Amino acid sequence: MPDSATRAPLKPLNVTRLSDQIVQRLESMLLEGSFKAGDQLPPERQLAEELGVSRPSLREALQKLIARGLLTARQGGGTFVTDRLGASFAEPWKDLVGSHPELQRDVLDFRRMLEGTVAEMAAERATDADLERLSTLMAQMEEAHQQGVLSRTSAIDAHFHQALADAAHNALLTHLSASLLTMLQSHVHDNIANLFAVGTVSAQLLDQHRAVWEAVRARAPAQARAAAVAHIDFVDRTLESLREEAVRRERAHRRATP
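Residues numbered from 1 in each chain as written. Predicted model: local features only at pLDDT ≥ 70, side-chain atom pairs only at ≥ 80, totals over all residues. Heavy atoms only, no water.

Asks: I tried to follow unusual backbone geometry on my own but got confused; where do I start?
Replies: Negative phi is the rule for most residues except glycine; trans is the rule for most peptide bonds. Within the chain, His169 stands out as a residue other than glycine whose phi angle is a positive 55 degrees. With relative accessibility at 43%, the residue His169 sits in the partly exposed group. (Buried < 20%, exposed > 50% of the residue type's maximum accessible area, 1.4 Å probe, protein only.)

What follows is the structure in structure tokens.
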């Protein structure tokens, strides 16, 4: 046997606590969007069974995630996902975009880059489950458009764009898209979905969403990017036209007021 005095010392084993392994697993689910902001986690017993762990170990892991602000326990029961992953991006921009109109062009430039990349990657990476989700949302959007239900069309529009981001299978794009959509929805004039209420614009927007969906379904990345960019370009032109019209109306109102 080797002399213990001359033998190199053994490296200590890296034994990971079960609760830390559970934390890592739940973090992955948060990052990939399996659990989204506002979602309630399954009951403790069910979640422990699904993960194949003991309830005490799960409870310890949940407490660690709560301490880090990724989860929150509400009074009366239930553990919910916070918006911590996206809030740091969205929160300061909400008021700035609303009070500084010159930022609207910057937002559209950013959306043009983001939406084009998302659509291209979705066409390359979407799974069958992603395509089924997008197909369902596209059908719901068309139905809501036919019924003229603006609030429902607006909501589905946001879900459709988020589904595209999820289909890109990039954690940063998933959460960046969610934060951006939340920010836009907080301002009526910057909420792209509300353009569905503007006359023939509604039909054009529906066609544009369909073009993106069909390119993603056809696994045509370049076509998907082009369709997404064309959509944002149209939105840009339409918003600019609406702003100019609003200025003309305000000017005419001032002239008519004695």
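Asks: I'm lost on the packing of helix α5 (residues 103-125) against helix α7 (residues 150-167) in this one. Help?
Replies: The description of two packed helices rests on the angle between their axes and on the distance between the axes. Axis separation between α5 and α7 bottoms out at 7 Å; the angle between their running directions is 60 degrees. The angle between the axes of α5 and α7 places the two elements in the oblique class. Where α5 crosses over α7, the handedness of that crossing is left-handed. Residues Arg111, Glu115, Val118, Met121, Ala122 and Arg125 of α5 form the contact with α7, whose own contacting residues are His161, Leu164, Ala165 and Ala167. (Axes fitted to C-alpha atoms, helices over the stretch in contact; angles between N-to-C directions. Helix = DSSP H or I, 4+ residues; strand = E, 2+ residues; numbered from the N terminus. Parallel < 35°, antiparallel > 145°, perpendicular 65-115°, else oblique. Left-handed = near helix turned anticlockwise from the far one by under 90°. Contact = heavy atoms within 4.5 Å.)

Asks: How do you make sense of the nonpolar core when you look at a structure like this?
Replies: One broad trend across soluble globular proteins is that nonpolar side chains are buried collectively. Leu134, Phe160, Leu164, Val212 and Val216 are the most contacted members of the largest nonpolar core, which totals 33 residues. Sorting the residues of this core by element identifies α5, α6 (128-147), α7, α8 (171-185), α9 (201-217) and α10 (221-256) as the ones contributing at least two each. Residues in contact with Val216, not counting those within four places in the same chain, are Ala119, Ala122, Ala123, Ala126, Leu131, Leu134, Leu164 and Ala224. (Core = buried A, V, L, I, M, F, W, Y, C linked by side-chain atoms within 4.5 Å.)

Asks: Help me understand the side chain of Gln162, please; the structure alone is not making it clear to me.
Replies: Relative to the assigned elements, Gln162 resides in helix α7. Each residue touching Gln162, except ones within four places of it in the same chain, is listed here: Thr174, Ser177, Ala178 and Leu181.

Asks: What is the right way to look at the packing of aromatic side chains in this model?
Replies: When we look at a pair of aromatic rings, we describe it by the centre distance and by the angle of the planes. In total, this model carries 0 aromatic pairs according to the counting rule given. Cation over ring: Arg74 sits above Phe80, and NZ or CZ is 3.7 Å from the ring centre. (Phe/Tyr/Trp six-rings, centres within 6.5 Å; stacked < 30°, edge-to-face > 60°. Lys NZ or Arg CZ within 6 Å of the ring centre and 35° of its normal.)

Asks: Sorry if this is basic, but what is going on with helix α1 (residues 18-32) here?
Replies: Structural remark: α-helix, 3.6 residues per turn; residues separated by three or four positions point the same way. If you check α1, its first and last C-alpha atoms are 21 Å apart, about what 15 residues at 1.5 Å a residue would give, namely 21 Å. Here α1 has its buried residues at Ser19, Ile22, Val23, Leu26, Met29 and Leu30. Around the axis of α1, the buried residues are gathered within 125 degrees of arc, so they sit on the same side. Count one or two residues on from α1 and you reach Gly33, which has phi positive near 90 degrees. (Expected span 1.5 Å × (residues − 1). Arc of directions from axis to C-beta.)

Asks: I keep staring at the pattern of salt bridges and nothing clicks. Help me out?
Replies: When their charged atoms lie close together, side chains carrying opposite charge are able to pair. Throughout the structure, instances matching the rule amount to 16 salt bridges. Salt-bridge contacts for Glu120 lead to Arg225; the nearest nitrogen and oxygen are separated by 2.8 Å. Here Glu120, found in helix α5, pairs with Arg225, found in helix α10; they are 105 residues apart in sequence, far enough to count as distant. One salt-bridge network, in which partners are shared between bridges, spans Arg105, Asp109, Arg112, Asp233 and Asp236. (Salt bridge = Lys/Arg side-chain N within 4 Å of Asp/Glu carboxyl O.)

Asks: Just to check I follow, could you spell out the environment of Leu71 for this structure?
Replies: Along the chain, Leu71 turns up in strand β1 (residues 71-73). Along the chain, Leu71 and Leu30 lie 41 residues apart, while their C-alpha atoms are 9.8 Å from each other. Apart from the residues within four sequence positions on either side, Leu71 is in contact with Leu41, Leu62, Leu65, Ile66, Thr79, Phe80, Val81 and Thr82.

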